[in-house]
Amino acid sequence: MFKKGIRVSGSIRFGTVGAPSSTPASGTVAAIQHTKALGLEHLEIAWVQSVSVTDKTCAEIKAAAEEYGISLSIHAPYFINLNSQTPEKMANSDARLIKAAQKGFLAGAKDIVFHPASYHGKPPEDVYPIVRDQLAMLADKLKKEGVAVTLRPETMGRVALFGSLEECVQLAKDVEGVKPCIDWAHLHARRTDGSFNSYEEFAGALAYVRDQLGEDALQTVHFHLSGIAYTDKGEKMHLPLNKADLRYRDLLQAFVDFGVSGTAGVEAPDPFHVEDALVFQATYKRLNGFAITDSED
Ligand SMILES: [Zn+2]
């Protein structure tokens with residue numbers, strides 16, 4: 001929608017990472033139904049231990065998501081490391097990402113989120129080409145199979161892990177079919193000194209993504225959002241918003257001002273798993289509504 005000043009009004013769909021904790025029954029179909037009942041619009045399916053779902057269940061998930069109008073992403077297993085140190089570990093890591101993408105595609109998910117790699121103490125610039133080449137090989141394999149998903153390396157909160165904003169954006173530049181999953185809390189924690197927590201820094205990151213990857217990247221985002229605790233090593237644990245220092249209103253205002261569109265998974269710990277997703281969504285909608293009104297005469 002274009003407004004005065006040729007401003008694009010963005011639209012972000014919010015949901016939880018993992019089934020909303022208040023879901024009354026087990027299974028992803030129930031989680032989709034409950035997501036709809038809560039007024040959320042997205043679900044990130046957490047296949048974080050392993051991918052053990054059948055093709056039949058994937059078809060049921062896809063049908064439910066279409067029926068209830070819920071968009072889906074997949075969080076692939078934690079045990080993925082594109083810089084694995086032995087051939088056997090690398091093969092197992094590859095298989096986990098491939099399976100998450102194959103099954104996620106069958107389930108109707110567009111985005112496959114994964115933790116890219118550990119540096120294993122090596123200089124980041126030495127690790128980058130290893131991760132890039134491994135990811136390029138996997139993306140090519142999926143493309144040849146017709147698995148039409150976007151692979152999303154996530155920005156990571158611990159300094160020992162591959163996954164700065166620059167590294168994830170560079171992967172998206174270098175490998176077709178890849179875009180970043182920007183975890184904003186992780187970027188804040190990764191700084192370890194409390195920085196990356198202002199409107200200027202959030203807007204600067206969005207401008208950087210737009211400059212490097214084009215406006216399309218801001219129209220097809222996938223974000224992770226939460227409060228976070230950190231030490232001098234980076235991420236310690238996710239926190240509820242009302243216990244965290246994250247300036248989330250400034251973050252959401254930056255999304256509004258850049259007309260960002262896409263999906264966002266909220267990773268708050270219980271008992272705020274659902275509540276924080278709703279707070280992010282409600283605050284975003286309020287700010288976005290004001291922006292639209294402000295730009296009209
Ligand atoms: Zn993650």
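The structure we're discussing is the one just above.
Small disclaimer: the values here were computed from a predicted structure and weren't measured.

A.B. asks: I would appreciate a short explanation of the layout of surface pockets in the present structure.
C.D. replies: One water molecule sets the probe size; rolling that probe over the atoms shows where empty space is left. Estimated volume of the largest pocket: approximately 400 Å³. As for the largest pocket, its lining consists of 20 residues, and the residues nearest its centre are His75, Tyr78, His115, Met156 and Glu235. Of all the secondary structure elements, the ones that give two or more residues to the lining of the largest pocket are strand E7 (117-118) and strand E13 (234-239). Across the lining of the largest pocket, the residue classes tally to nine nonpolar, seven polar and four charged. Of the voids in this model, the second largest pocket is the one considered here, and its volume is about 270 Å³. Along the wall of the second largest pocket there are 17 residues; nearest its centre are Ser71, Leu72, Gly108, Lys110 and Asp111. For the lining of the second largest pocket, the elements supplying multiple residues, two or more each, are helix H2 (55-68), strand E5 (71-75), strand E8 (150-153) and strand E14 (262-266). The leading source of residues in the lining of the second largest pocket is H2, at three residues. Counted by class, the lining of the second largest pocket contains five nonpolar, seven polar and five charged residues.

A.B. asks: Would you explain the pattern of salt bridges in this entry?
C.D. replies: Oppositely charged side chains are able to pair whenever their charged atoms sit close together. Under the defined criterion, the tally for this structure stands at eleven salt bridges. The partner of Lys103 in a salt bridge is Asp55, and the shortest N-O contact between them spans 2.6 Å. Taken as a pair, Lys103 in helix H3 (residues 87-106) and Asp55 in helix H2 lie far apart in primary sequence, 48 residues in all. Lys103 sits in the buried class, given a relative accessible area of 15%. Given the relative accessible area of 45%, Asp55 is considered partly exposed. Close ionic contact of Lys141 with Glu145 constitutes a salt bridge, the shortest N to O distance being 3.5 Å. Linking Lys141 with Glu145, this pair stays in helix H4 (residues 124-145), spanning four residues, or about one helical turn.

Definitions and limits used
Residues numbered from 1 in each chain as written. Predicted model: local features only at pLDDT ≥ 70, side-chain atom pairs only at ≥ 80, totals over all residues. Heavy atoms only, no water. 1 Å grid on protein atoms, 1.4 Å probe; cavity = no way out; pocket = protein on both sides within 12 Å on 5 of 7 lines; lining within 4 Å. Points joined across faces, edges and corners; volume = space filled by probe spheres on them. Helix = DSSP H or I, 4+ residues; strand = E, 2+ residues; numbered from the N terminus. Nonpolar A, V, L, I, M, F, W, Y, C, P; charged D, E, K, R; others polar. Salt bridge = Lys/Arg side-chain N within 4 Å of Asp/Glu carboxyl O. Buried < 20%, exposed > 50% of the residue type's maximum accessible area, 1.4 Å probe, protein only.

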